[in-house]
Amino acid sequence: MQKPFLYVLFFVSGLTLFSCKNNIPPPQNKLLLWKNEFRGNDKVYKEELELIIPFAQRENSKPLNLPFTPRVWWYNFGQNTFDSLKFERKAIRQENRLAELKNSTGYSLKKASRIERKIDRYKSSLSQGIAWFYANVGEKQVYISEEEVEETALRLQKYLFDRGYRDAAVTGELLAAGRKGRHNVRYTVKENELYTIDTIRYVVKDPAIDSLLNADRRNRTLKPGDPLHHQKVEAEKLRIEQLLKNNGYYAFNNRYITYGVTNYEESEALFRERKRGNLIVEILNPEPGKHIRYYLSEVSFKTFDPNNRSTQTAPDTTTIRGVNFIRLDNAVPLGLIRNRIFTKPGDLFSSGAIYETQRQISLFNQFSFASSQLKIADSARLALEYFAPVQERFTFGISPGINNIYTDGNSFFGFGVPVSLSMRNVLRGLEVIELGVRGSYEGQPTPIRTSESAIRGSLELGGNLNITLPVMLPFHPKGEKINLMNPRTTFGLGYNYSEPFWGTRTNFKLTAGNSLQLSKNAILYFNFLDAYLVNTSYASNASGREFYRTLDSLQRIGNNLKVTFDPQFVSSINTNYVFNNQDPSRPFSSSTFFRLFVESAGTALNFLKDKDRMGWVEDLFPMSSGPDSVRAYFRFVKINADYRRSINLTPKSSYAFRVNVGVANPYGKNRAIPYDKSFFVGGSNSIRAWAPRSLGTGSSASDTTSVGNTIPQPGDILLEGSLEYRRNIIRFAGNIQMAVFLDAGNVWKWHQINIPEKYNRSNFDFGRFYKEIAVGTGFGLRWDLSFFLFRFDWGIKVIDPGRPEGDRFVLDRFSLRRNQPYGLNLNFGIGYPF
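Residues numbered from 1 in each chain as written. Predicted model: local features only at pLDDT ≥ 70, side-chain atom pairs only at ≥ 80, totals over all residues. Heavy atoms only, no water.

## A few points about the overall build of the protein chain
Stage number 1. Across its full length, the protein chain carries 16 helices and 30 strands.
Stage number 2. Each principal axis of the C-alpha atoms in the protein chain carries an extent, and together these give about 90 × 80 × 75 Å.
Stage number 3. Here the protein chain, with 834 residues, has 43% of them falling under the buried criterion.
Stage number 4. Summing over all exposed atoms, the protein chain offers an accessible surface of approximately 44400 Å²; the carbon and sulfur share of this is 56%.
Stage number 5. Side chains of the protein chain carry 109 positive and 81 negative charges; the gap between the two charge centres is 3 Å. (Helix = DSSP H or I, 4+ residues; strand = E, 2+ residues; numbered from the N terminus. Buried < 20%, exposed > 50% of the residue type's maximum accessible area, 1.4 Å probe, protein only. Areas by Shrake-Rupley, 256 points an atom, 1.4 Å probe, with all protein chains shown as cover. Lys, Arg positive; Asp, Glu negative; His and termini not counted. Charge placed at Lys NZ, Arg CZ, Asp CG, Glu CD.)

Right under this line is the structure:
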């Protein structure tokens, strides 16, 4: 324990040194700001109030909320050591380079832009008096004056007034905070009673607009009893504006919408006494005249290939349903595009229909972008033009790379060369064809650790071909409703050959399926063909024989890991429904995720006389001689429901929970399901107190190799749940968050396993399953960089179902020592666990 203590002591000492040196005297009449505090706010979150404080008055960052500001030290150091003459010489040198480049024959726009950026950076450093590096790594010391505190208090009071707390009062005061001239700012908040809306009345002078508003009453964002919240009233104004713009009112905007609060007595004193009033929303007419409804007189869709250098005398113009399609490239099929145009001449102007058309055109994945332009044709008519240049027809990519795999003290360097080719619309059906080829020699962790190295080299050669069509095949239903759902049909073909240490393996895969975007947040996938075939040949050398014997011994005790490597054929149909309204840019907002997966495998075998083999498969892909020269076929049904919910607590905190339930019934002769179709628990996105895939099955002990390594435990039935509290704690090059969590669950077998170690322990039984639920707890740190999130979770076992009944509570056995069965289990992941 001495080394970690010394590291912490060194870290704290360094922060103290950085925070105490290179201080710069404060400006005149200003004090050094150390912390902003809030007192008295009960109903409005502190985090909301912090956002109202001007950026220049927000306290400096303090790592882990410790009383140190190392970034200020870096900034001050940069200012104290800044050499203005040196930067002036650098700027002049780059300006001379730029002038020489512009006068030379080898002028490069890319190189000139790079030099210009350097010049701008040097000039910016000169104007700020600090080098670019220190200005970005460091942070300017925040100072504040009494006048600024008073102004911010008024800002906060105005914010509370707009939130409905019209009698709120906010005062600010500066308080000395120890030595070094530090001061805290304390804002004392008196919210008082919340004002609410008693009734809502709309005053509309235009009868046509009045009718539209009445027809759309159910979508109103305000109702009696709501707080008198300025932002919510503004949201209602925005809704009205959008409603009118979707119904022909092209020139309308929300400056014609006014609102006020009154009461029947028109008494300000009664309004303040009752704390409620009647909200009146009025829609004014323009002066002079009234609001005009616009119709579309002309609709055009223009597209061309910017990469096609061939000349064409005139564009091809075709009119379909009144829409003019103008093409410089006849390869663009109009039959598919016309179904995604939701505007035509004679229609009322609708901003929603125009936006939906642009969105649908973009979903083809054929055009660089889709834009629109409106021109006023006369007093009540508009000319609409869509513009969509096509993307490059052929895109080629190659990305060779070197990788390193490290596990259990073993390391292996490998390399791979993936090559990809994307082709768009070559068959004139707006299809996307993706062809990929890969060759590699890489390290692979040994799936079962025997006496050999944990990582072996493996040669792999593979290829895949995918074709995506913007239609629903084989049925191809028509109509505007189906086109709004972004229909897709994808056909896939894959081949992979590998030579691991234990033999050779050939894999063929064939898929065909559809997808529909049911709503903004929901998508439905249906694979009417999902088949793969594996041919395996175990090597006759010592490594191959040992590997086979280990797999065989595991199978005899109920672990079907061997099925993964044996020759096999799996065909299934499946459907997958996903609903997800999570917003990655708002990690603490309330959201819901739900996924339902249903699969039936080997269904066709039920209609054959021989339900354990398909003759045509055996004829096309004959088996090689050797152990297990019989191909396995599988019949099973599977269902999996995964529900996740995140509930916002404050702007900087939330709690989330997950319930994941799955059942697979292997009703075939081998009473097994393929390994990669099984359920597993344990690991970074599951029960984090256990290693990946190591928990289960039931209350039986986990299977291990001859050297004691735990082998993945596949199950047929899954019960899993998690509860987690998340909170943002500091900001340092992104948001650093903490979490505490509780995980529980297990996996079981559908069928009984008739060996003493597994009998009445591995299978699911309603009479005892609740006693076999594993429980783990722990804590975590997350570093949110907006574009991705690093996650570190430490899990601790609480209840271990693998122990004898009555001795399964193991939290009291927890130890911080290394390599302990009940110590901390570190999980690293990218993104949230659920």
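## Thoughts on the pattern of salt bridges
Stage number 1. Following the criterion strictly, the structure yields 40 salt bridges and no others.
Stage number 2. In this structure, the salt-bridge partner of Glu385 is Lys302, at a minimum N-O distance of 2.9 Å. Taken together, the residues span a long stretch of sequence, with Glu385 in strand E12 (residues 381–387) and Lys302 in strand E8 (residues 295–303) at a distance of 83 residues.
Stage number 3. The class of Lys302 is partly exposed, set by a relative accessible area of 30%. (Salt bridge = Lys/Arg side-chain N within 4 Å of Asp/Glu carboxyl O.)

## Topic: the sheet that holds E12
Stage number 1. Read across the open sheet, the 5 strands follow the order E9-E10-E8-E12-E11; overall the sheet is mixed. Two strands close off the open sheet at either side, each with one partner strand: strand E9 (316–320) and strand E11 (371–378). The mean angle between the axes of side-by-side strands here comes to 20°, regardless of whether they run parallel or antiparallel.
Stage number 2. Strand contacts of helix H12 (residues 351–363): E8, E11 and E12, with the helix running at about 15° to E12, the strand carrying the most contacts. (Pairing = 2+ DSSP bridges. Axes fitted to C-alpha atoms, helices over the stretch in contact; angles between N-to-C directions. Contact = heavy atoms within 4.5 Å.)

## What about the packing of aromatic side chains?
Stage number 1. Throughout the structure, instances matching the rule amount to 34 aromatic pairs.
Stage number 2. Both rings, one in Trp73 and one in Trp74, keep their centres 5.1 Å apart while their planes meet at 85°; by these two values the pair is edge-to-face.
Stage number 3. Accessibility expressed as a relative area gives 26% for Trp74, which makes it partly exposed.
Stage number 4. Look at Tyr495 and Phe508: their rings are 5.2 Å apart centre to centre, the planes differ by 50°, and that puts the pair in the tilted class. On the criterion of sequence distance, the pair formed by Tyr495 in strand E18 (residues 488–499) and Phe508 in strand E19 (residues 503–517) is long-range, its members being 13 residues apart.
Stage number 5. Aromatic ring contacts, followed pair by pair, group Trp73, Trp74, Phe77, Phe133 and Tyr134 into a single cluster. (Phe/Tyr/Trp six-rings, centres within 6.5 Å; stacked < 30°, edge-to-face > 60°.)

## A few points about the packing of helix H8 (residues 207–215) against helix H9 (residues 230–245)
Stage number 1. One way to put it is that H8 packs onto H9 with a least axis distance of 11 Å and a crossing angle of 115°. Taken as axis vectors, H8 and H9 run roughly perpendicular relative to one another. Both H8 and H9 take part in a crossing whose hand is right-handed. Within the contact between the two elements, H8 uses Ile209, Leu212 and Leu213 and H9 uses Ile240, Leu243 and Leu244. (Parallel < 35°, antiparallel > 145°, perpendicular 65-115°, else oblique. Left-handed = near helix turned anticlockwise from the far one by under 90°.)

## What to know about a positive patch on the surface
Stage number 1. Side chains of Arg97, Lys110, Lys111, Arg114, Arg117, Lys118 and Arg121 sit close together on the surface and give a patch of like positive charge.
Stage number 2. When residues in the positive patch are grouped by element, the largest group, 6 residues, is from helix H5 (residues 109–128).
Stage number 3. As for its position among the elements, Arg97 is in helix H4 (residues 84–103). (Patch = residues over 30% accessible without salt bridge, like charges linked within 9 Å, V, L, I, M, F, W, Y side chains within 5 Å.)

## Focus on empty space enclosed by the protein
Stage number 1. Per the counting criterion, the structure on display carries 4 cavities of 30 Å³ or more.
Stage number 2. Put simply, the largest cavity is a space of about 90 Å³.
Stage number 3. Asp305, Asp329, Val332, Gln366, Phe367, Val390, Gln391, Arg393, Arg424, Asn425 and Leu430 are the residues that line the largest cavity.
Stage number 4. Class assignment for the residues of the lining of the largest cavity results in 4 nonpolar, 3 polar and 4 charged.
Stage number 5. Around the second largest cavity, the lining residues are Gly558, Asn559, Thr697, Asp703, Gln713, Pro714, Lys749, Ile753, Lys758 and Ser762.
Stage number 6. Grouping the amino acids of the lining of the second largest cavity by side-chain chemistry returns 2 nonpolar, 5 polar and 3 charged. (1 Å grid on protein atoms, 1.4 Å probe; cavity = no way out; pocket = protein on both sides within 12 Å on 5 of 7 lines; lining within 4 Å. Points joined across faces, edges and corners; volume = space filled by probe spheres on them. Nonpolar A, V, L, I, M, F, W, Y, C, P; charged D, E, K, R; others polar.)

## Observations regarding the sheet that holds strand E4 (residues 182–190)
Stage number 1. Strand order across the open sheet formed by 4 strands is E2-E1-E4-E3, with mixed pairing between neighbours. The open sheet has two edge strands with one neighbour each: strand E2 (143–144) and strand E3 (169–176).
Stage number 2. Two strands pair when backbone bridges link them, and strand E1 (residues 31–39) and E2 are joined in this way by 2 bridges, in the antiparallel orientation. Counterpart to Leu32 in the pairing with E2 is Tyr143.
Stage number 3. Sitting on the sheet, helix H7 (residues 146–162) is in contact with E1, E2, E3 and E4, with an inclination near 150° to E3.

## Points about the nonpolar core
Stage number 1. One finds Phe301, Phe325, Ile337, Ile341, Ile361, Phe367 and Tyr386 to be the most contacted residues of the largest nonpolar core, which totals 26 residues.
Stage number 2. Secondary structure elements with two or more residues in this core: E8, strand E10 (323–327), helix H11 (334–337), H12 and E12.
Stage number 3. If we skip the residues at most four places from it in the chain, Phe367 touches Thr303, Val332, Ile337, Ile361, Ala388, Pro389, Val390 and Gln391. (Core = buried A, V, L, I, M, F, W, Y, C linked by side-chain atoms within 4.5 Å.)

## Observations regarding the side chain of Arg635
Stage number 1. With respect to the helices and strands, the residue Arg635 is situated in the loop between strand E23 (632–633) and strand E24 (636–650).
Stage number 2. A residue is classified by how much of its surface remains accessible, and Arg635, at 11% relative accessible area, is buried.
Stage number 3. In this structure the side chain of Arg635 is engaged in a polar contact, spanning 2.9 Å, whose partner is the side chain of Asn606.
Stage number 4. Residue contacts for Arg635: discarding those within four places in its chain leaves Ala601, Gly602, Leu605, Asn606, Lys611, Asn665, Pro666, Tyr667, Gly668 and Lys669. (Polar contact = N/O pair within 3.5 Å; in protein donor to acceptor, adjacent residues only side chain to side chain.)

## So, unusual backbone geometry
Leave glycine aside and you will find that most residues have negative phi; peptide bonds, for their part, are mostly trans.
Stage number 1. For the bond running from Leu473 to Pro474, omega is 10°, close enough to zero to count as cis.
Stage number 2. Mapped onto the elements of the fold, Pro474 is located in the loop between strand E17 (455–469) and helix H13 (480–483).
Stage number 3. Between Gly696 and Thr697 the backbone carries a cis peptide bond, its omega angle lying at -5°.
Stage number 4. Positive phi is not limited to glycine here, since Asn365 has a value of about 60°.
Stage number 5. Position of Asn365 relative to the elements: it lies in the loop between H12 and E11.

## Description of the environment of Leu461
Stage number 1. Looking at the element boundaries, Leu461 is found in strand E17.
Stage number 2. When the C-alpha atoms of Leu461 and Ile639 are compared, they prove to be 34 Å apart, with 178 residues separating the residues in sequence.
Stage number 3. Leaving out residues up to four positions away in the same chain, Leu461 has contacts with Arg438, Gly439, Tyr495, Asn496 and Tyr497.

## A short note on the pairing of strand E30 (residues 825–830)
Stage number 1. Residue alternation in E30 divides its side chains into a buried set, Asn825, Asn827 and Gly829, and an unburied set, Leu826, Phe828 and Ile830.
Stage number 2. Across 6 bridges, the pairing between strand E29 (residues 789–799) and E30 is antiparallel. Residue pairing across strands places Gly795 opposite Asn825, the latter belonging to E30.

## Quick look at the packing of H4 against H5
The packing of two helices is summarised by the inter-axis angle and the distance between the axes.
Stage number 1. Closest axis-to-axis distance for the H4/H5 pair is 9 Å, and the angle between their directions is 160°. Considered as vectors, H4 and H5 are oriented roughly antiparallel to each other. Both H4 and H5 take part in a crossing whose hand is left-handed. On the side of H4, the interface is formed by Ser84, Phe87, Glu88, Lys90, Ala91, Gln94, Glu95, Arg97, Leu98, Leu101 and Lys102, while H5 contributes Lys111, Ala112, Ile115, Glu116, Lys118, Ile119, Tyr122, Lys123, Ser125 and Leu126.
Stage number 2. Partitioned by chemical class, the residues of the contact of H4 with H5 number 9 nonpolar, 3 polar and 9 charged.

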